[in-house]
Structure formats: structure tokens, C-alpha cells
Amino acid sequence: MAGSDSVQEGKFSLKEVLIAFQSCLTDNQEILTDSYVSGWRGLVSESPHSTDVLKACDVLRSHKPDYNYKARIAFMLSNLEERFMNSLGSIFSFISKDAVNKIQIMVTHRTGENGEKYETLQSMVKYELDNNLVDLQRRAEHPESGCRTLLRLHRALRWLELFLEKLRTSTEDSKTSVMCTDAYNDSLAQHHAWIIRKAATAAFCALPGRAAFFQTMNVGSTEQVVEMLREAMPFISKVYEITEELYKQHNLLELP
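Let me begin by describing the structure that accompanies this report. (Residues numbered from 1 in each chain as written. Predicted model: local features only at pLDDT ≥ 70, side-chain atom pairs only at ≥ 80, totals over all residues. Heavy atoms only, no water.)

The next thing to look at is the overall build of the chain. In terms of regular secondary structure, the chain is built from 12 helices and zero strands. Reading the helices (α) and strands (β) of the chain from amino to carboxyl end gives α-α-α-α-α-α-α-α-α-α-α-α. Looking at the chain as a whole, 46% of its 256 residues qualify as buried. Across the chain, every contact between residues at least 6 apart in sequence was considered, and the portion connecting residues at least 24 apart equals 69%. (Helix = DSSP H or I, 4+ residues; strand = E, 2+ residues; numbered from the N terminus. Buried < 20%, exposed > 50% of the residue type's maximum accessible area, 1.4 Å probe, protein only. Contact = heavy atoms within 4.5 Å.)

See the structure below:
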């Protein structure tokens, strides 16, 4: 795999994200929730306790810890800081802050009494639909259902996929503002109110250049970044495609 193995602690690492999304898929093409969440955590969080959180989640799934333990985990998750997207500028905060919130909700589902039902995205969808735990027409009793929460991450993943692919195929003269705007218009924009769309597209004009983005990925030279993206994109795309088809089959793509 291309790229340097030496990454400054607490910094975004494209390699970490690649490994997480690569490990999402089972032999049956199901998506493991924990790995999916880990991929997102790698994109938006740099908590020094992230490893402790993952270990604690494993303990919670196999034991019956006291409520103080759960409270400590919730505290750590609530203090996650933005990593990749906010390291590129405050303009991404409207995405990364929401993603951190969604990550916390998904971890809460996984560490709850029915956590085993959320082992994969497929098992989550089946469990919540079979037990009427999804608000299908309007937000009501289940605003933090796993299906609705994951859908928001799924939509943001599409934007990220499109943007990173544009970066991978870009040239030195390519403008990140144009690439980001195009990716946004083809994904998240359709789910945002007009005022958010206007603010986002205006903010994209202040994006740093292509070289600054590549430096943030902590991979190495431009050539190494491009090669790493070439390796990473098929895994991210596959995870997106499987999730999209799963939600389409169950008419969940437009959850309120």
C-alpha cells in the first residue's frame, strides 16, 4: 500500500480510513456497523480516547457494566473533535459536527440492550422495520432510529466519495472550490435548505488549494496521495453502493 506509515499522532490519516472501510464488508457483502462507524470516526474525530472507546464498546456488548461506565463512554464520544473535514477549514463544520452526533447515536445503539441487532446495516434495517422503530412518513417517536441516523451519514459519504475522486483525478491547476461545489451539488445539496446551500457554496470559494488538501491527508508526496486515493475509492464506493441498494429495497432513501 502506498504512503508513509509514519503519521503524527492525532492527525488525519487516509490510510486509517481506508483500512476501516475496507474491513466494513463481510464475505456475504454485508456492512459491519462498527467498521463503518470507525471509518467515519477516522474522518471527523481525533479524540485521544478513541481506542478506549472502541474497547469499551466491546466490553459493553459482552457484559452488563454499570451506568457510570456508559456515562464515561458517552462523555468521551461527546468530546470528539473534528479531524479531516474541520482540519481543512471551518466551512466543513456543518458536515463534521453533524457526523460526530450521528456517530454517537450509532454507538449508543450498538452498546444498548439490543446491540447485537445492529451488528450489520442489514440486520439493523430488518430489526427496526420489523419492530416499527422507524418513522417512515414524518419525524415522530423515533427521531434517532438507526436507519434515519445512518442515512444522514450515507448521504455525506456520497459527497466525500465524489469530492475525493475529483481530487484524485485533478491536475495542479484544478480548483478545489469548483470540485467541492460540484460534488456538493451532486449529493448533499438536494437534502439541504436553500439558505444552507447558499452558505455552503459561498464558503467553498475560500477552500485551500489542491496541495493543502493533499498535505492534510498525511500520506506523502502528491503521487503517493493519488495512489492511496486510487486504492481507497473502490472500497468507499462499494460500501456506498451496497447501502444505497439496501435502503432502496426498503424504501428508506427519503426518511424524514
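So, on to the pattern of salt bridges. Per the stated rule, a full pass over the model turns up five salt bridges. Of the charged contacts, one joins Arg110 and Asp34 as a salt bridge, the two residues approaching to 2.9 Å between their closest N and O atoms. Here Arg110, found in helix H6 (residues 93–110), pairs with Asp34, found in helix H2 (residues 33–44); they are 76 residues apart in sequence, far enough to count as distant. Taking relative accessible area as the criterion, Arg110 reaches 8% and is therefore assigned buried. Classification of Asp34 by relative accessible area gives partly exposed; the value is 27%. The partner of Lys126 in a salt bridge is Asp130, and the shortest N-O contact between them spans 2.8 Å. (Salt bridge = Lys/Arg side-chain N within 4 Å of Asp/Glu carboxyl O.)

As a further point, take unusual backbone geometry. With a phi close to 55°, Asn132 is a non-glycine residue in the positive phi region. Mapping Asn132 onto the fold places it in the loop between helix H7 (121–130) and helix H8 (146–168). Despite not being glycine, Asn251 shows a phi value in the positive range, around 55°. By secondary structure assignment, the location of Asn251 is in the segment after helix H12 (222–249). Using a relative accessible area of 68% as the deciding quantity, one classes Asn251 as exposed.

For H8, built from 23 residues, the straight-helix expectation of 33 Å at 1.5 Å per residue is met to within 8% by its first-to-last C-alpha distance of 32 Å. Along H8, 19 of the 23 residues are buried, which leaves the element largely enclosed by surrounding structure. (Expected span 1.5 Å × (residues − 1).)

With respect to the secondary-structure elements, Ser177 resides in helix H9 (residues 176–185). Those residues in contact with Ser177 that lie beyond four places of it in its chain are Phe204, Cys205 and Leu207.

What follows deals with the nonpolar core. Soluble globular proteins: nonpolar side chains tend toward being buried together. Of all hydrophobic cores here, the largest spans 60 residues; its most connected members are Phe21, Tyr36, Trp40, Leu157, Met217 and Tyr247. By residue number, the principal contributor to this core is H8, which donates 12 residues. (Core = buried A, V, L, I, M, F, W, Y, C linked by side-chain atoms within 4.5 Å.)

With that out of the way, let us pick up the packing of aromatic side chains. In this description, an aromatic ring pair is defined by two values, namely the gap between the centres and the angle between the planes. Within the structure shown, the criterion is met by four aromatic pairs. Between Phe21 and Tyr36 the ring centres are 6.0 Å apart and the planes differ by 80°, which places this aromatic pair in the edge-to-face class. With a gap of 15 residues between them, Phe21 in helix H1 (residues 14–22) and Tyr36 in helix H2 connect regions that are remote in the sequence. There is no split in this pair, since Phe21 and Tyr36 are both buried. Note on Tyr118 and Tyr127: the rings are 5.7 Å apart at their centroids and 70° apart in plane angle, and the pair reads as edge-to-face. (Phe/Tyr/Trp six-rings, centres within 6.5 Å; stacked < 30°, edge-to-face > 60°.)

Below, the discussion takes up the packing of H1 against H2. At a closest axis distance of 8 Å, the pairing of H1 and H2 adopts a crossing angle of 165°. As summarised for this structure, H1 and H2 are arranged roughly antiparallel, according to the angle between their axes. Every pair of crossing elements has a handedness; the one defined by H1 and H2 is left-handed. Contacts between H1 and H2 involve Val17, Ala20 and Phe21 on the former and, on the latter, Ser35, Tyr36, Ser38, Gly39, Trp40, Gly42 and Leu43. Of the residues contributing to the contact of H1 with H2, the split by class is six nonpolar, four polar and no charged. (Axes fitted to C-alpha atoms, helices over the stretch in contact; angles between N-to-C directions. Parallel < 35°, antiparallel > 145°, perpendicular 65-115°, else oblique. Left-handed = near helix turned anticlockwise from the far one by under 90°. Nonpolar A, V, L, I, M, F, W, Y, C, P; charged D, E, K, R; others polar.)

Looking now at a nonpolar patch on the surface. On the surface, Trp194, Ile195 and Ile196 cluster together into a nonpolar patch covering about 350 Å² of accessible area. Using a relative accessible area of 37% as the deciding quantity, one classes Ile196 as partly exposed. (Patch = residues over 30% accessible without salt bridge, like charges linked within 9 Å, V, L, I, M, F, W, Y side chains within 5 Å. Areas by Shrake-Rupley, 256 points an atom, 1.4 Å probe, with all protein chains shown as cover.)

The next subject is the packing of H8 against H9. H9 packs onto H8 with a crossing angle of 145° between their chain directions and a minimal axis gap of 8 Å. As for how H8 packs across H9, the hand of that crossing is right-handed. Contact residues: H8 offers Trp159, Leu162, Phe163, Lys166 and Leu167, while H9 offers Thr176, Met179, Cys180, Asp182, Ala183 and Tyr184. Residue classes in the contact of H8 with H9 are distributed as eight nonpolar, one polar and two charged.

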